[in-house]
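So the chains spell out like this:
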Amino acid sequence: MYDLDTLFSRLARSSFRSRFRLNTKDEAYLRERGIETVLVHAADFVGKRLAPAAPKNDGKQTPMRGHPVFIAQHATATCCRDCLSKWHAIPPGQELSAQQQTYVVGVIEHWLRSKYGPSQ
């Protein structure tokens, strides 16, 4: 796991990661529901889709649209275990600890707040 400044500096250099933006519908969802509710969803998604040692459909478990968290996961390379390993030094093949899950949700939160405002 990396400090957020180092991580986001690396992510900014990736043309793939830096192209992700929320669409109008996802921005409205974030604004209407609020960041705290969206982060509860993020924790749930991470716990169910990333935390297992061998997630179901790993590499394809995070849709490319449909929820602000999904977009944030692709933008921050927290979408699958391979990306967590490559970008965050979180090894595959073992269940994510509570600390690692908190880190992943924190990365998602940082991206959402930095792109869509601290008051979201």
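The structure this text deals with has already been given above.
Just so you know, these numbers come straight off a predicted model, no measurement behind them.

Trainee: How should the overall build of the protein chain be read in this particular structure?
Mentor: A tally of regular secondary structure across the protein chain gives seven helices and zero strands. Going from the N terminus to the C terminus, the protein chain shows its helices and strands as α-α-α-α-α-α-α. Expected size for 120 residues packed as a compact globule is a radius of gyration near 14 Å; at 13 Å, the protein chain falls within 12% of this value. In terms of overall dimensions, the protein chain has C-alpha extents of about 35 × 30 × 25 Å along its principal axes. Sorting the 120 residues of the protein chain into buried and exposed places 43% on the buried side. Accessible surface, the protein chain: about 6500 Å² in total, of which carbon and sulfur atoms supply 51%. Side-chain charges of the protein chain comprise 17 positive and 11 negative groups, with the mean position of each set lying 7 Å from the other.

Trainee: Quick question: what am I supposed to make of the packing of helix 5 (residues 68-75) against helix 7 (residues 98-116) here?
Mentor: Packed helix pairs are specified by the crossing angle of their axes together with the interaxial distance, meaning the distance between the axes. Where helix 5 contacts helix 7, the two axes come as close as 9 Å, and the packing angle between them is 100°. By the criterion of interaxial angle, the relationship of helix 5 to helix 7 is roughly perpendicular. Taken together, the residues of helix 7 that come into contact with helix 5 (itself represented by Pro-68, Val-69, Ile-71, Ala-72, Gln-73 and Ala-75) are Ile-108, Trp-111 and Leu-112. Classifying every residue of the contact of helix 5 with helix 7 by side-chain character gives eight nonpolar, one polar and no charged.

Trainee: Teacher, can you tell me more about the packing of helix 4 (residues 35-50) against helix 5 here?
Mentor: Close contact between helix 4 and helix 5 brings their axes to 9 Å; oriented N to C, the two are set at 60°. Helix-helix and strand crossings are classified by hand; for helix 4 and helix 5 the assignment is right-handed. Along the contact surface, helix 4 presents Val-38, Ala-42, Phe-45, Arg-49 and Leu-50, while helix 5 presents Pro-68, Val-69, Phe-70 and Gln-73. Looking at side-chain class alone, the contact of helix 4 with helix 5 contains seven nonpolar, one polar and one charged residues.

Trainee: Is there a simple way to explain the nonpolar core in this structure?
Mentor: One broad trend across soluble globular proteins is that nonpolar side chains are buried collectively. Counting 35 residues, the largest nonpolar core has Val-104, Ile-108, Trp-111 and Leu-112 as its most contacted members. Secondary structure elements with two or more residues in this core: helix 1 (4-12), helix 4, helix 5, helix 6 (81-88) and helix 7. Per-element tally for this core: the top contributor is helix 7, with eight residues. In this structure, Ile-108 is in contact with Ala-42, Val-46, Val-69, Ala-72, Gln-73, Thr-76 and Thr-78, ignoring residues within four places of it in sequence.

Criteria and thresholds
- Residues numbered from 1 in each chain as written.
- Predicted model: local features only at pLDDT ≥ 70, side-chain atom pairs only at ≥ 80, totals over all residues.
- Heavy atoms only, no water.
- Helix = DSSP H or I, 4+ residues; strand = E, 2+ residues; numbered from the N terminus.
- Rg over C-alpha atoms; globule rule 2.2 N^0.38 Å.
- Buried < 20%, exposed > 50% of the residue type's maximum accessible area, 1.4 Å probe, protein only.
- Areas by Shrake-Rupley, 256 points an atom, 1.4 Å probe, with all protein chains shown as cover.
- Lys, Arg positive; Asp, Glu negative; His and termini not counted.
- Charge placed at Lys NZ, Arg CZ, Asp CG, Glu CD.
- Axes fitted to C-alpha atoms, helices over the stretch in contact; angles between N-to-C directions.
- Parallel < 35°, antiparallel > 145°, perpendicular 65-115°, else oblique.
- Contact = heavy atoms within 4.5 Å.
- Nonpolar A, V, L, I, M, F, W, Y, C, P; charged D, E, K, R; others polar.
- Left-handed = near helix turned anticlockwise from the far one by under 90°.
- Core = buried A, V, L, I, M, F, W, Y, C linked by side-chain atoms within 4.5 Å.

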